[in-house]
Each structure stands twice: as structure tokens, then as C-alpha cells.
Amino acid sequence: MIGDLDFEVIGRSLPYLLRGLQYTVQLTVVAALGGTFFGTLLAMARLSSFRPVSLTAAGYVNLMRSVPLLLVIFWFYFLAPVIVQSVMGWERPPQIGAERSAYITFIMFEAAYFCEIMRAGIQSISKGQVGAAFALGLNYWQAMKLVILPQAFRNMLPVLLTQTIVLFQDVSLVSLLNVTDFVGASVKIAQRDSRVVEMYAFVAVVYFILCYSLSTLVKQLQRRIAIIH
Amino acid sequence: MIEINNISKWYGSFQVLSDCTTSVKKGEVVVVCGPSGSGKSTLIKCVNALEPFQKGDIIVDGISVTDPKTNLSKLRARIGMVFQNFELFPHMRITDNLTLAQIKVLGRSREEAAARGLKMLERVGLKEQAHKFPGQLSGGQQQRVAIARALAMDPIAMLFDEPTSALDPEMINEVLDVMVELAKEGMTMMCVTHEMGFARKVAHRVIFMDQGRIVEDDTKDEFFGKPRSERAQQFLSKILHH
């Protein structure tokens, strides 16, 4: 079988594969942005001096970080609709669909990881900066939005991007919900044309090129930020 | 203007401030000094409620900082504060450092805030630096910008928390000069500092603190003439003799 490789299968199925890759990139970007947004709110909640708020946020983050991603994906896809159905007293579970379910799952899951990054980012800003913002009359939200978070984002940008690269790879798990992401698309082609070796090799090479060049970029960025700082 | 009435503060079981009472009248310059760990920085940060305290009250321009009905942000906006480590916002240009709170807190227009900010920057002699970032300025320049930033809010009083302690010796005077000028113009000032030359030149009163207590609260001449407490005498002889 190895001696009988046919890499033309890639060219033939390229438009289909690219559509899969497009979905993968879209899901990654949306999950990273949504995760950063909700993760930042979670981080602020975790750092709140009001215990019920900080404990709730901590509970959520610890739960998400302790459960395998695959299980979370299954939970949201198979069980969440049933739970919503029984809570709302509906006749049928809501039809969310695998693709939309994946968006919700990844935003909520990544929020927990981005929360921990942003928490470290916020804590990296000196208390004096907070004091100066307050002393000028800014309130908590203004101080966060204008003084603390912009600096926290900047300090944490390399880590946020590194987490996004990990996310880009993790997105491939949605192929188990039969979603046609990049991996899902190649699996389908591989099975249809019996070209498993070629397809899996191709997917691995593409992932390697993309992730390696992205992490090289992150490293350069890290150096630049370090110099300015 | 500033009345500090019997305030006490604890970090857990450790008492940092014990029953401190003093006041600063309008136009008065009060220097707070004392050995490190004596609570002087904590005291000054209580004035605009950056540090909470458990007992007593502070009244600024007739408004209690402990009253839950007090709008603290509004009150803080009226009191300028200068920090030991400058605390300019490093991600913003000098102009934006100067205008941020004017726009967001006082509701001034961008043009009005920029004009006011530039005027204050000129006053501390740094007009040419307006478009730089804080990291591009020397420590002394950053501290002068920080003073300009506070002044741009048109404060009724200024608090200085060891404004020259983090500076290289050759930069101390440029900051003190600005402060002296402010004092001479009649600004109400409360300054935590070890700069006794500054105290001699412009202070009306000197407060000496030790172990969380106000040990001396004298006029400048009394304090430098002959402080009553032995602790203050020791402190003075130590910092004046080298």
C-alpha cells in the first residue's frame, strides 16, 4: 500500500479540504475572540473581593480545566439540548446542530483557559497603576478598561497567541461530531478514496507548517514586546 | 481643608496607624516625615481613601471619605496625588496621560483637556515631550509629568507620597523646584518626604511619625528648633548629618 501512493487525491479534493480548513480557522478565531472576551470577564470576577462572585468564577474555571475537552464537546452536543429541553419543558430538544454547538463549546471552554492567562496579566500590573487610576477619579470599570486591561493584554499577548495555536489544533476534535473541519474533511476523503496515508500525511504537514510558522511569529513578537517594555 | 480625626488601621492583627489626628488648612504646606515603616505613606493614602481604615474619619473639604454616600471617584478627582514611582500610564503618550482623566472624569472636551494638559506640561518645563511615551523620559521628567497630570485636574489640594525617593540624586532638585513653586503659589499640600531642605524652605508644619503614631505635629520652626520627642531628635540628627 505504501508503495502505491497517489498524492493527486489532494489536488482533486482541494476545494473540499480548503472549505474544511476555512471552518477550522473560523472556529479558532471566533473561539479565541469569544474566549478572550469572556475569559477577561471571568478573570475580573475571580479577582473580585466579593466572595460569591470570585468563588463562582473559580468553580467554573476549575471545572472546565479538569474535564477533557472531548468530554465537554460531547456534553454540549449530546446532553445540553436534552437538559435545556427538560428544564424548559419543551417537547423536543432544541436543534442546535454540530457546527453551532462547536462554537458555543469552544468559546465556553477556552474562556476558562484565557481567564487564567488574563488573571496573570491583570496581576502583573502593579498596584500603583491601579492606585494612580483611582486617584485621578476613574472608577473601577474605567480603570480596568483604560489603564489595567490594555497593559495586561499587551503583556500577555504572546501567551494568548500561544494558547490560540493550541486551540487551532484542538478544534480538530469536532471532526468526531461529524463536522467537516479540516481534519473531518480529510477523513471523509481518505475513507471515500481509500487514501488514508496520503490524506493523513497531508493534513499533518499543513498543521505543522501553520503552527510552526505561527509560533515562530509569536516568538518574534515576544522579543519585540520585551524590548519596548 | 483636610481633617484627619482619630484614624486607626490594621493589617490583620498588625496595627499600622494608631489614633492619628491632624489637619491641613487651605493654603498650608504640611510635611510628613519619619522612619520607614512609620505609617506615613499609609496615612497619606487614607486621605483619598486609596487605603481603607477601620476607625476614625477623614473629612476633605467638608466631605467625609468614610461616608458610604460619598462619591469617592468624584472626591478623588479633586485631590491631586503624586506617587513615589510616578505611575504614569506606560501604554499612553504623555498627552494622553494628561487628558485621560480630564475627559473621562471631568467631562472636558478633547481640545479643552489637551489645552489644559499642555499648559501644565509647559509649567513643569516639558512641553517638547508631549508626544513621547513615559518610558522615553528620565525619572525626574516622569515625575514632573505626573505632577502636571495631577494639576490638570484643577485639584483643591495635592498629596505627595515620597515624590523624590525613587529618583537619582541629580534629578531630585528639578522635582523639588516644581513643588516649591506650587507651595509658593498657595497650593494646599501634604507631602511625605525626607527632603528636609524642602521642608525648611516651604513647609508651614512638620508632622513626625513613628510606629503608626503622630509623635510630633509642630510648626516648622518648632520642629527644626528643638523637637520635643527624643525619637524625632534622633531621626533629625541621622538625616541631617550626612
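This is a predicted model, so every value here is computed, not measured.

Cut-offs used in this document
Residues numbered from 1 in each chain as written. Chains lettered and ligands numbered in written order. Predicted model: local features only at pLDDT ≥ 70, side-chain atom pairs only at ≥ 80, totals over all residues. Heavy atoms only, no water. Patch = residues over 30% accessible without salt bridge, like charges linked within 9 Å, V, L, I, M, F, W, Y side chains within 5 Å. Areas by Shrake-Rupley, 256 points an atom, 1.4 Å probe, with all protein chains shown as cover. Salt bridge = Lys/Arg side-chain N within 4 Å of Asp/Glu carboxyl O. Helix = DSSP H or I, 4+ residues; strand = E, 2+ residues; numbered from the N terminus. Pairing = 2+ DSSP bridges. Axes fitted to C-alpha atoms, helices over the stretch in contact; angles between N-to-C directions. Contact = heavy atoms within 4.5 Å. Buried area = accessible area lost by both parts, 1.4 Å probe. Polar contact = N/O pair within 3.5 Å; in protein donor to acceptor, adjacent residues only side chain to side chain. Nonpolar A, V, L, I, M, F, W, Y, C, P; charged D, E, K, R; others polar. Buried < 20%, exposed > 50% of the residue type's maximum accessible area, 1.4 Å probe, protein only. Parallel < 35°, antiparallel > 145°, perpendicular 65-115°, else oblique. Left-handed = near helix turned anticlockwise from the far one by under 90°. pLDDT = per-residue confidence, 0-100. Disulfide = S-S within 2.5 Å. Expected span 1.5 Å × (residues − 1). Arc of directions from axis to C-beta.

Q: Run through a nonpolar patch on the surface, naming residues and quoting values.
A: Side chains of A:L71, A:W75, A:F78, A:L79, A:I83, A:V84, A:V87, A:M88 and A:W90 sit close together on the surface and give an oily, nonpolar patch of about 870 Å² of accessible area. As for its placement among the helices and strands, A:W90 is situated in the loop between α4 (69-88) and α5 (98-123).

Q: So what about the sheet that holds strand β10 (residues 213-219) of chain B? Which residues, and what values?
A: Residues and elements named next belong to chain B. Read from one edge of the open sheet, 6 strands run β6-β7-β8-β3-β9-β10, paired in mixed fashion. Strands at the two margins of the open sheet, each flanked by one partner only, are β6 (79-82) and β10. On average, each strand axis in the sheet is inclined to that of its neighbour by 15 degrees, with strand direction left out of account. Both strand β9 (residues 205-210) and β10 contribute to a ladder of 6 bridges, which runs antiparallel.

Q: Which residues make up the interface of chain A and chain B, and what values do they have?
A: Taken residue by residue, the interface counts 17 residues in chain A and 20 residues in chain B. Carbon and sulfur atoms supply 66% of the area that chain A and chain B bury against each other, a total of about 1500 Å² over both sides. Contact with chain B buries area across many residues of chain A, yet A:A135, A:L136 and A:L146 alone supply 36% of it, more than any other trio. At the junction of chain A and chain B, the tally comes to 0 salt bridges. The tally of links from chain A across to chain B stands at 4 residue pairs in polar contact (both at pLDDT 80 or more). Of all the elements in the fold, those that place two or more residues in the side of chain A that touches chain B are α6 (127-135) and α7 (140-170) of chain A. Sort the elements by how many residues they give to the side of chain A that touches chain B and α6(A) lands first, with 7 residues. Taken together, the residues of the side of chain A that touches chain B sort by class into 9 nonpolar, 8 polar and no charged.

Q: Please provide a residue-by-residue account of the pattern of salt bridges, values included.
A: Enumeration over the complete set of coordinates arrives at 16 salt bridges over all chains. One salt bridge connects A:E116 with A:R46, and the closest N-O pair in it is separated by 2.9 Å. Residue A:E116 is located in helix α5, and its partner A:R46 is located in helix α2 (residues 14-46); the two are separated by 70 residues in the primary sequence. A:E116 sits in the buried class, given a relative accessible area of 17%. Of the charged contacts, one joins B:E162 and B:K40 as a salt bridge, the two residues approaching to 3.7 Å between their closest N and O atoms. Taken as a pair, B:E162 in the loop between β7 (157-161) and α6 (169-184) and B:K40 in helix α1 (residues 40-47) lie far apart in primary sequence, 122 residues in all. B:K40 shares its class with B:E162; the two are buried. Connected through salt bridges with shared partners, the residues A:R46, A:E116 and A:R119 form a single ionic network.

Q: Which residues make up the pairing of strand β2 (residues 14-24) of chain B, and what are the values?
A: Note on strand geometry: in a regular strand, side chains alternate between the two faces of the sheet. All names here are of chain B. Sheet topology places strand β1 (residues 2-11) next to β2; 7 bridges connect them, and they run antiparallel. Bridge pairing in β2 links Y11 to F14. Hairpin remark: β1 followed by β2, antiparallel, with 2 residues in the connecting loop; positive phi at G12, about 65 degrees.

Q: Which residues make up the sheet that holds β2(B), and what are the values?
A: Residues and elements named next belong to chain B. The sheet built from 4 strands is open, its strands ordered β2-β1-β4-β5 with antiparallel pairing. Since the sheet does not close on itself, it has two edges, and those belong to β2 and β5 (63-64), each with one partner. Across the sheet, α1 is in contact with β1, β2 and β4 (55-60); its angle to β1 comes to roughly 120 degrees.

Q: Give me the packing of α2(A) against α7(A): which residues, what numbers.
A: All names here are of chain A. For the pair α2 and α7, the least separation of the axes is 10 Å and the interaxial angle reads 140 degrees. Taken together, the axis directions place α2 and α7 in an arrangement best described as oblique. By crossing handedness, the relation of α2 to α7 is classed as right-handed. Contacts from T24, V25, T28, A31, A32, T36, T40 and M44 of α2 reach α7 at Y140, W141, M144, L149, F153, T164, L167 and F168. Tallied by class, the residues present in the contact of α2 with α7 amount to 11 nonpolar, 5 polar and no charged.

Q: Hey, could you go over unusual backbone geometry for me, with residue numbers and the actual values?
A: Residues and elements named next belong to chain B. You will see that D19, though not glycine, has its phi angle at about 50 degrees, which is positive. Structurally, D19 can be placed in strand β2. Positive phi, close to 55 degrees, is recorded for E87, a residue that is not glycine. Within the secondary structure, E87 sits in the loop between β6 and α3 (94-104). We classify E87 as buried; its relative accessible area is 10%.

Q: Tell me about the confidence of the model for chain B, residues and numbers included.
A: Looking at chain B as a whole, the pLDDT averages 92, with 99% of positions reaching at least 70. The ipTM assigned to the predicted complex is 0.92, against a pTM of 0.87.

Q: Lay out the state of the cysteines with the relevant residues and their values.
A: All names here are of chain B. Counted by the stated rule, this structure contains 0 disulfides over all chains. Residue C20 stays outside any disulfide, its sulfur separated by 8.5 Å from that of C46, the closest cysteine. Its relative accessible area of 0% is what places C20 among the buried residues. Here C33 stays unpaired: no disulfide links it, and the sulfur of C191, its closest cysteine neighbor, is 11 Å away. Residue C33 is classed as buried on the basis of its relative accessible area, which comes to 0%.

Q: I'd like to hear about helix α4 (residues 110-123) of chain B, residue by residue, with values.
A: All names here are of chain B. Helix length check: α4 (14 residues) gives 20 Å between terminal C-alpha atoms against 20 Å at 1.5 Å per residue, within 8%. Residues of α4 that are buried: A113, G117, M120 and L121. Projection of α4 onto a plane perpendicular to its axis shows the buried side chains occupying an angular sector of 100 degrees, all on one side. Looking at α4, the residues exposed on the side facing more than 90 degrees away from the buried face are E111 and K119. Residues of α4 that are buried in the fold lie against α3 and α5 (139-151). One or two steps after α4, the chain reaches G125, where phi turns positive at roughly 75 degrees.

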